[in-house]
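Fold and contact review
The residues making up each chain are set out below.
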Amino acid sequence: VYNQPLSDAALVACPHCDLLQRLPELVPGASARCPRCDKELWRRREDSLERTLALALAAAVLCVVANFVPMLGLSAVGREAFTTVFGGAEQLWLDGRETVAGLVLFTAVVAPALQIGFMLAIVLGAHRERPPGWVATLLRHHPTTATWSMIEVMMLGVLVALIKIADYAKVIPGLALFALGALVFVLAAMQASFDPREVWDRIEWAEAVDRR
Amino acid sequence: MSTPAATAMTLGLQGCHACGLVSRPVPGADEGSCPRCGDELSFRKSASIQRTWAFLVAAAICYVPANVLPVLTTITASGRDSDTIMEGVVLLWSPTGWPLSLIVLPVVHRGRARSTATIGLRTGFMSRWIGLSGYAIAVVLLLAIGITPWVRLLFPLWILLLSLDTLVESLGGAPRRGGPAEQCGVSG
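About the thresholds
Residues numbered from 1 in each chain as written. Chains lettered and ligands numbered in written order. Predicted model: local features only at pLDDT ≥ 70, side-chain atom pairs only at ≥ 80, totals over all residues. Heavy atoms only, no water. Helix = DSSP H or I, 4+ residues; strand = E, 2+ residues; numbered from the N terminus. Rg over C-alpha atoms; globule rule 2.2 N^0.38 Å. Buried < 20%, exposed > 50% of the residue type's maximum accessible area, 1.4 Å probe, protein only. Contact = heavy atoms within 4.5 Å. Lys, Arg positive; Asp, Glu negative; His and termini not counted. Charge placed at Lys NZ, Arg CZ, Asp CG, Glu CD. Pairing = 2+ DSSP bridges. Axes fitted to C-alpha atoms, helices over the stretch in contact; angles between N-to-C directions. Buried area = accessible area lost by both parts, 1.4 Å probe. Salt bridge = Lys/Arg side-chain N within 4 Å of Asp/Glu carboxyl O. Polar contact = N/O pair within 3.5 Å; in protein donor to acceptor, adjacent residues only side chain to side chain. Nonpolar A, V, L, I, M, F, W, Y, C, P; charged D, E, K, R; others polar. Left-handed = near helix turned anticlockwise from the far one by under 90°. 1 Å grid on protein atoms, 1.4 Å probe; cavity = no way out; pocket = protein on both sides within 12 Å on 5 of 7 lines; lining within 4 Å. Points joined across faces, edges and corners; volume = space filled by probe spheres on them. Expected span 1.5 Å × (residues − 1).

**Comments concerning the overall build of chain A**
Along the backbone of chain A there are eight helices and eight strands. Here the C-alpha atoms of chain A give a radius of gyration of 22 Å, more than 25% beyond the 17 Å that 2.2 N^0.38 yields for 212 residues. Along the first, second and third principal axes, the C-alpha atoms of chain A reach 75 × 40 × 30 Å. By the burial criterion, 39% of the 212 residues in chain A qualify as buried. Sequence-distant contacts, at least 24 apart, represent 62% of the contacts inside chain A between residues at least 6 apart. Treating the 19 positive side-chain charges of chain A as one cloud and the 21 negative ones as another, the clouds have centres 2 Å apart.

Quick look at the structure:
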C-alpha cells in the first residue's frame with residue numbers, strides 16, 4: 001500500500017530527529033541544517049549531474065585498470081611473481097578460505113563496480129526531462145553498493161601486509177595499486193558531488209509505475 | 001524537552017529515508033510504502049533500544065579478548081611472533097613510526113571511551129559522573145596501558161556500570177513514549 005503524498009513538496013522530516021520542517025530554496029554550495037539537531041538536510045551542489053558524470057567516468061576507467069593490471073609483485077631469492085586483485089581472491093579460494101575470498105571479491109571488485117555502474121546509469125537516466133522508474137530503483141539501492149564498496153579498507157590491509165612482509169621479500173608495487181589509490185579519492189569526490197534531491201524531484205513515482 | 005516539537009511522527013507522517021519524501025499512511029493503515037521511491041516506511045525500528053543494548057553489551061564483551069589476546073601470529077623461518085593490538089602500538093613507537101602509533105592508539109582505545117562519554121553527556125543520556133568518569137578512564141587507558149594489561153578491563157567495567165545506571169534510571173523514571181497513538185491532525 002502506498003502512502004498518500006502531501007501537497008507541500010518542500011516539507012521534510014529530519015532523518016535524525018524527525019523534526020518536520022520546510023526546506024528553503026538554496027543557492028548552489030549552500031546547505032540547510034536541522035534547527036534542532038544540526039544534521040545537514042540538504043546541500044545544493046553546483047552543476048551536480050555533469051560533475052558526477054565526469055567523476056563516474058573517471059572512476060570507471062580507474063576501476064578497469066585496477067582490476068586487469070598487476071597490483072603487487074614479490075621478488076624473493078631471484079624469483080618474481082605478480083598478482084592482480086582478482087588473482088589474490090582466486091588464490092585465497094584455492095587455499096581453502098572461500099569466505100574470505102568471496103568477501104574480498106565482493107567488497108573490492110563487485111561492489112565498487114556496481115557503485116560506479118549504478119551512478120553512471122542514474123546520471124545518464126537523469127538527463128531526461130522526466131527520469132523513468134528504473135532510475136528510482138537504482139537510486140534507492142545505490143547507498144547499499146556504496147556501503148559495501150571497501151577499497152580503502154583493502155588498501156589499508158595491503159599496506160599492513162606490505163610492511164609485515166618487507167623484511168623477507170622485495171615488494172614491487174604495480175600500476176593497479178596506484179589506480180586503486182586514486183580510485184579511493186575519485187569515488188569519494190563522485191559521492192560528494194552528487195545531489196540526489198535534484199534527481200528525486202523530477203523522477204517518475206513508484207506509484208505511477210505500478211499503476212501503469 | 002519542555003515543549004514537544006512537531007516531529008513527523010507526532011503528526012502521523014512518515015519521512016522516507018531513501019528519497020526524503022514526507023507522506024501520510026492511508027486511513028486505516030499503520031504504515032505503507034513511499035509513493036515516490038517504493039521504499040517501505042515505518043514509524044519506529046522494532047525493539048530498537050533493546051537490540052541496541054544487546055549489541056552494545058555483546059560488543060563490550062568482545063572488546064576484552066580482542067585486546068588481551070593476540071591479533072596476529074607471524075610464523076617465519078626465524079620463529080613465531082604473535083602480537084596483541086597494544087604490542088603493535090608499542091612496536092610502531094619508534095623514531096620514525098611514532099605518528100602511526102599515535103593514530104592507532106586513539107582509534108583503538110581512547111576513541112571508544114571518550115567519544116561514548118561525549119555522546120552521552122551531550123544527549124543527557126548519562127549521569128554526569130558516569131560521563132566524566134568516561135574521560136578519566138580514557139586518560140588512564142592512554143597513559144597506564146603500558147604498565148599493566150589489566151587496565152584494559154576498565155572500559156568493559158565502565159560499560160557495565162553505565163548499563164546498570166541506565167537500567168535503574170529507566171525503571172524509576174516515567175515512560176516517555178511517542179507514537180502513532182498520539183497522532184493529531186495536520187493541515188497538509
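The rest of the description comes next.
**Quick word on the sheet that holds strand 6 (residues 72–76) of chain A**
All names here are of chain A. Ordered in space as 7-6-8, the three strands form an open sheet in which the pairing is antiparallel. Taken across any chain shown, the strands that pair with only one partner, and hence form the sheet edges, are strand 7 (79–83) and strand 8 (170–173). Averaged over all adjacent pairs, the angle separating strand axes in this sheet is 20°, with direction ignored. Two elements, strand 6 and strand 7, share five bridges in a ladder whose sense is antiparallel. If you follow Ser75 over to strand 7, its bridge partner there is Glu80.

**Notes on the interface of chain B and chain A**
Interface extent is often summarised as the accessible area lost during association of the parts. The interface of chain B with chain A comprises 35 residues on the first partner and 26 residues on the second. When chain B packs against chain A, the two sides together hide about 2600 Å² of surface, and 58% of this comes from carbon and sulfur. For chain B, the biggest contributors to the area lost against chain A are B:Val22, B:Pro35 and B:Arg36; these three give 25% of the whole. Where chain B packs against chain A, one counts two salt bridges. In this structure, A:Arg140 engages B:Asp39 in a salt bridge whose closest nitrogen and oxygen atoms are separated by 2.9 Å. Summed over the shared surface of chain B and chain A, the number is 14 residue pairs in polar contact (both at pLDDT 80 or more). Put simply, the parts of the chain that give the side of chain B that touches chain A at least two residues each are strand 1 (14–15), strand 2 (22–24) and strand 3 (72–76) of chain B. Of the residues that constitute the side of chain B that touches chain A, the class distribution is 18 nonpolar, twelve polar and five charged.

**Quick word on the packing of helix 3 (residues 98–125) of chain A against helix 6 (residues 175–193) of chain A**
All names here are of chain A. Two elements in contact, helix 3 and helix 6, have axes whose closest approach is 12 Å; the angle formed by their N-to-C orientations is 35°. Crossing angle aside, the handedness with which helix 3 passes helix 6 is left-handed. Counted together, Gln115, Ile116 and Met119 of helix 3 and Leu183, Leu187, Met190 and Gln191 of helix 6 form the full contact between these two elements. Its residues placed into classes, the contact of helix 3 with helix 6 shows five nonpolar, two polar and no charged.

**Describing empty space enclosed by the protein**
Residues and elements named next belong to chain A. The full count for this structure, using the stated rule, is one cavity of 30 Å³ or more. Taken as a whole, the largest cavity holds about 40 Å³ of empty space. In terms of lining, the largest cavity is formed by Cys63, Ala66, Asn67, Val85, Ala108, Pro112, Leu180 and Leu183. Per element, the largest residue contribution to the lining of the largest cavity is three residues, and it comes from helix 1 (residues 48–68). The residue inventory of the lining of the largest cavity, partitioned by class, reads seven nonpolar, one polar and no charged.

**Brief notes about the pattern of salt bridges**
Residues and elements named next belong to chain A. In this structure the tally under the stated criterion is seven salt bridges over all chains. Taking the shortest distance from any N to any O, the salt bridge between Asp8 and Arg22 comes out at 2.7 Å. You can see Asp8 sitting in the loop between strand 1 (4–5) and strand 2 (11–13) and its partner Arg22 sitting in strand 3 (residues 20–22), a full 14 residues away along the chain. Residue classification places Arg22 among the exposed residues on the basis of a relative accessible area of 55%. Where salt bridges share partners, they join Arg33, Asp38, Glu40 and Arg43 into one cluster.

**A short note on helix 6 of chain A**
With 19 residues, helix 6 of chain A should cover 27 Å at 1.5 Å per step; its first-to-last C-alpha distance of 27 Å lies within 8% of that length. Those residues of helix 6 of chain A that are buried lie in contact with helix 1, strand 6, helix 2 (85–94), helix 3, helix 5 (151–165) and strand 8 of chain A.

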